[in-house]
Amino acid sequence: MRAFGFLSFGHYGPVPGSRVPTAGDMLRQTIELAEGADEIGVNGAYVRVHHFARQAASPIPLLTAMAARTQRIEVGTGVIDMRYENPLYLAEEAAALDEISMNRIALGISRGSPEPAIRGWENFGYTGSTDPRGADIAREKFDLFLRAIDGEGIAEADPRMGPAGKLAVEPYSPGLRDRIWWGAGSSESAVDAGRKGLNLMSSTLLTESTGEPLDVLQRRQIEVFREAYREAGHTRPPRVSVSRSVFPIMNATDEAYFGLRDSQDQIGVIDGMRSTFGKTYADEPDRLIEQLLADEAVMAADTLMLTIPNQLGPEYNLHVLESFAKHVAPALGWKPNTEGPVQGDAV
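Residues numbered from 1 in each chain as written. Predicted model: local features only at pLDDT ≥ 70, side-chain atom pairs only at ≥ 80, totals over all residues. Heavy atoms only, no water.

A.B. asks: Is there a simple way to think about the nonpolar core in this case?
C.D. replies: The biggest cluster of nonpolar side chains holds 68 residues, and the ones touching the most others in it are Phe4, Ile109, Phe142, Phe145, Ile180, Leu321 and Phe324. Residue contributions to this core peak at six residues, all from helix α4 (residues 135-149). For Phe4, the contacting residues outside a window of four places in its chain are Val42, Asn43, Gly44, Leu304, Leu306, Leu321, Phe324, Ala325, Ala329 and Trp334. (Core = buried A, V, L, I, M, F, W, Y, C linked by side-chain atoms within 4.5 Å. Buried < 20%, exposed > 50% of the residue type's maximum accessible area, 1.4 Å probe, protein only. Helix = DSSP H or I, 4+ residues; strand = E, 2+ residues; numbered from the N terminus. Contact = heavy atoms within 4.5 Å.)

Rendered as structure tokens:
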């Protein structure tokens, strides 16, 4: 692990104890949190994307504001649900964001997780899926998105307007594919990401269950990703991130919120598949260091995404990030954003 960032689910609503009653509060506070994290030296500011829910949804305007108000921190998603996206419009937005941020983006994209709405993507106008989970159209649209950001000609030119041929999506941002991540929930999807030359984003759960801890399953997922990446002939050092819930216990407030101690991985069913859910790390810094050094996936990845309780507001979450940066991250190999962009591991 060389880098860490925060991952916000963007929850909001008039819930007792929440500091985020409205969508406007959530959006402004996320920008504020990115600014504060940038100053601390945190490497990444990432947001989840969900639809038909009181959570962060359309990410590009938010990420653009975050990029415009920061200097070094990487901004991105974990993840954009491709079932709900127009691939060519997303390609235009991604390229614009990449240019505005000076290439400081990490756009995580995937088929998406279960959503509150039944086949909600069809309400967005994306029909034709024969898969109950919509994986077929997500993959088709993602492949078109990759072709578009690579600068491939997509649309037939009107000869009345200029030379005949194929027109590419504009703007074009060179090297944008190097900053695209696939959110893989299984080893199979990780292998596909490696073959495509993408980066790998792995969350706090895997749709696999063997009785082994999440970190062991996830470390194997990382290994097969890197093997597939290498065998496909890609040479750029790929990035890999994993997500964890980590809370240094520094004071009585931390203890009251997260003094769980000895949390364990859980087995459950998500999207009809038996899955492994990661535990929460909450302890004094010295014990957190020991626990995270023993986490095989955290040590195999270059970036750790810390899931944060955004409902508690930016002040408290900056306290969590600063505590991790000062008392835990250096012992794990962390390099702050002042030392330049994060690099992946050579293949």
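Here the narrative resumes.
A.B. asks: How should unusual backbone geometry be read in this particular structure?
C.D. replies: The phi torsion of most residues other than glycine is negative, and most of the peptide bonds are trans. For the bond from Gly78 to Val79, the omega torsion is 10°, close enough to zero to count as cis. Its location among the elements puts Val79 in strand β3 (residues 74-81). Phi at Asn103 takes a positive value of approximately 70°, unusual for a residue other than glycine. Relative to the helices and strands, Asn103 is located in the loop between α3 (87-100) and β4 (105-110). The exposure class of Asn103 is partly exposed, given its relative accessible area of 40%. A positive phi is found at Arg119, a non-glycine position, where the angle reads about 45°. Checked against the element boundaries, Arg119 lands in the loop between β4 and α4.

A.B. asks: Is there a simple way to explain helix α1 (residues 23-40) in this structure?
C.D. replies: For an α-helix the count is 3.6 residues per turn, leaving residues at separations of three or four pointing the same way. The end-to-end C-alpha distance of α1 is 26 Å, a good match for the 26 Å that 18 residues give at a rise of 1.5 Å each. Turning to α1, its buried residues are Asp25, Met26, Gln29, Thr30, Ile31, Leu33, Ala34, Gly36, Ala37 and Asp38. Tucked inside the fold, the buried residues of α1 contact β1 (3-8), β2 (44-47), α2 (59-68), β14 (303-308) and α10 (313-327). At the exit of α1 stands Gly41, carrying a positive phi of roughly 105°. (Expected span 1.5 Å × (residues − 1).)

A.B. asks: Could you clarify how one ought to interpret the packing of helix α5 (residues 187-196) against helix α6 (residues 214-231) in this entry?
C.D. replies: Between two packed helices, the angle of one axis relative to the other and the distance separating the axes together describe the packing. In the contact formed by α5 and α6, the axes pass within 7 Å of each other and the chain directions differ by 30°. Our classification of the angle between α5 and α6 gives roughly parallel. Between α5 and α6 lies a crossing whose hand is right-handed. Judged by residue contacts, Ser187, Ala190, Val191, Ala193, Gly194 and Arg195 of α5 engage Gln221, Val224, Phe225, Ala228 and Tyr229 from α6. (Axes fitted to C-alpha atoms, helices over the stretch in contact; angles between N-to-C directions. Parallel < 35°, antiparallel > 145°, perpendicular 65-115°, else oblique. Left-handed = near helix turned anticlockwise from the far one by under 90°.)

A.B. asks: What is the right way to look at α2 in this model?
C.D. replies: Listed as buried for α2 are Pro59, Ile60, Leu62, Leu63, Met66 and Ala67. Looking down the long axis of α2, one finds its buried residues gathered within 160° of arc, a one-sided arrangement. Those residues of α2 that are exposed and angled more than 90 degrees off the buried face are Pro61 and Ala68. (Arc of directions from axis to C-beta.)

A.B. asks: Is there a simple way to explain the pairing of strand β10 (residues 240-248) in this structure?
C.D. replies: As a general feature of sheets, a regular strand has side chains that alternate between the two faces. Of all nine residues that make up β10, nine are buried, and the element is covered over most of its length. Judged by which residues are buried, β10 turns out to be covered on both faces: Val240, Val242, Arg244, Val246 and Pro248 on one side and Ser241, Ser243, Ser245 and Phe247 on the other are all buried. Pairing analysis gives three bridges linking strand β8 (residues 199-202) to β10, with the strands arranged parallel. Its bridge partner being in β10, Ser202 is matched across the sheet by Val242. Across four bridges, the pairing between β10 and β14 is parallel. Each residue of the ladder has a partner; that of Ser243, found in β14, is Met305. The sheet contact formed by β10 and strand β13 (residues 280-283) spans four bridges and is parallel. Counted as the bridge partner of Ser245 is Thr280 from β13. (Pairing = 2+ DSSP bridges.)

A.B. asks: What exactly am I supposed to notice about the pattern of salt bridges here?
C.D. replies: Note on pairing: side chains with opposite charge can pair once their charged atoms come close. Under the definition given, this model contains 23 salt bridges. The residue Arg2 makes a salt bridge to Asp345 at a minimum N-O spacing of 3.2 Å. On the criterion of sequence distance, the pair formed by Arg2 in the segment before β1 and Asp345 in the segment after α11 (329-332) is long-range, its members being 343 residues apart. Overall, the relative accessible area of 23% leaves Arg2 in the partly exposed class. With a closest N to O distance of 2.9 Å, Arg226 and Asp345 form a salt bridge. (Salt bridge = Lys/Arg side-chain N within 4 Å of Asp/Glu carboxyl O.)

Interpretation in functional terms is not warranted from these geometric data alone.
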